[in-house]
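Notes for the structure review
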Amino acid sequence: MHEYPITESIIEIAQRQGREAGAARVSRISLVVGERSGYIPESIQMYFDIIARGTLCEGAALDITTVKPRLRCPVCGTEFERAPFSFACPICGADGEPTETGREFYIEEIEIEEA
């Protein structure tokens, strides 16, 4: 349920940018969402469709790019995606440690239609 307030913020940011640019409407918002960010892309989409009604963002496409988490091997330094049910480094076999990759959450682009 924490996707509701973040989706409100996305719409507020897009509307502010649209107004500042003199837009008739926002046509597309591109988001980057890491799988470990704590946000569920499908929930963001659902809330977006509801919250955007009556705003500059109504009818806008919401493109969400997901980023898979990566691990870093403390022994050999290799960065890798975790295989199912394993944390083992594909190079040396040591258990990988979490990195920041996969925690991303940001607006990558806002497209507008000018008035």
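Structure: see above.
Bear in mind the structure is a predicted one, so any value in this text is a computation, not a measurement. (Residues numbered from 1 in each chain as written. Predicted model: local features only at pLDDT ≥ 70, side-chain atom pairs only at ≥ 80, totals over all residues. Heavy atoms only, no water.)

We now examine the pattern of salt bridges. A side chain of one charge can pair with a side chain of the opposite charge when the charged atoms of the two come close. One pass over the structure, following the stated rule, counts six salt bridges. For Glu 111, the salt bridge identified is with Arg 28, shortest N-O distance 3.7 Å. On the criterion of sequence distance, the pair formed by Glu 111 in strand 6 (residues 105-114) and Arg 28 in strand 1 (residues 23-34) is long-range, its members being 83 residues apart. Taking relative accessible area as the criterion, Arg 28 reaches 28% and is therefore assigned partly exposed. Its salt-bridge partner being Glu 79, residue Arg 70 comes within 3.4 Å of it at the nearest N-O pair. (Salt bridge = Lys/Arg side-chain N within 4 Å of Asp/Glu carboxyl O. Helix = DSSP H or I, 4+ residues; strand = E, 2+ residues; numbered from the N terminus. Buried < 20%, exposed > 50% of the residue type's maximum accessible area, 1.4 Å probe, protein only.)

Let us look at the nonpolar core. Proteins that are soluble and globular tend to have nonpolar side chains buried together. Residues Val 26, Ile 29, Leu 31, Phe 48 and Cys 57 are the most contacted members of the largest nonpolar core, which totals 16 residues. Counting residues per element, the ones that place at least two in this core are helix 1 (3-20), strand 1 and helix 2 (41-51). Setting aside residues up to four positions removed in sequence, Ile 29 forms contacts with Ile 10, Ala 14, Phe 48, Cys 57, Ala 61, Leu 62, Asp 63, Ile 107 and Glu 109. With five residues, the next largest nonpolar core counts Leu 71, Cys 73, Phe 80 and Ala 94 among its residues. (Core = buried A, V, L, I, M, F, W, Y, C linked by side-chain atoms within 4.5 Å. Contact = heavy atoms within 4.5 Å.)

On to the pairing of strand 2 (residues 61-67). Pairing analysis gives seven bridges linking strand 1 to strand 2, with the strands arranged parallel. Across the sheet, the residue bridging to Ile 29 is Leu 62, located in strand 2. Taken together, strand 1, helix 2 and strand 2 constitute a β-α-β crossover, and its handedness is right-handed. (Pairing = 2+ DSSP bridges. Right-handed = clockwise from strand over helix to strand, strands pointing away.)

This paragraph deals with the sheet that holds strand 1. Spatially, the three strands line up as an open sheet ordered 2-1-6, and their pairing is mixed. Edge strands, defined here as strands with exactly one partner in the open sheet, are strand 2 and strand 6. The average undirected angle you get between the axes of adjacent strands in this sheet is 15°. Looking at chain direction, strand 1 and strand 6 are connected through nine bridges and run antiparallel. Paired with Ile 29 across the bridge in strand 6 is Ile 110. Each of strand 1 and strand 6 is contacted by helix 1, which is oriented at about 40° to strand 6, the strand it contacts most. Strand contacts of helix 2: strand 1, strand 2 and strand 6, with the helix running at about 165° to strand 2, the strand carrying the most contacts. (Axes fitted to C-alpha atoms, helices over the stretch in contact; angles between N-to-C directions.)

Right, let's get into the sheet that holds strand 5 (residues 97-98). Read from one edge to the other, the open sheet built from three strands follows the order 4-3-5, with strand pairing classed as antiparallel. One side of each edge strand has no neighbouring strand; the edge strands of this open sheet are strand 4 (79-80) and strand 5. Alignment of strand 3 (residues 71-72) against strand 5, held across two bridges, turns out to be antiparallel. Bridged to Leu 71 within strand 5 is Pro 98.

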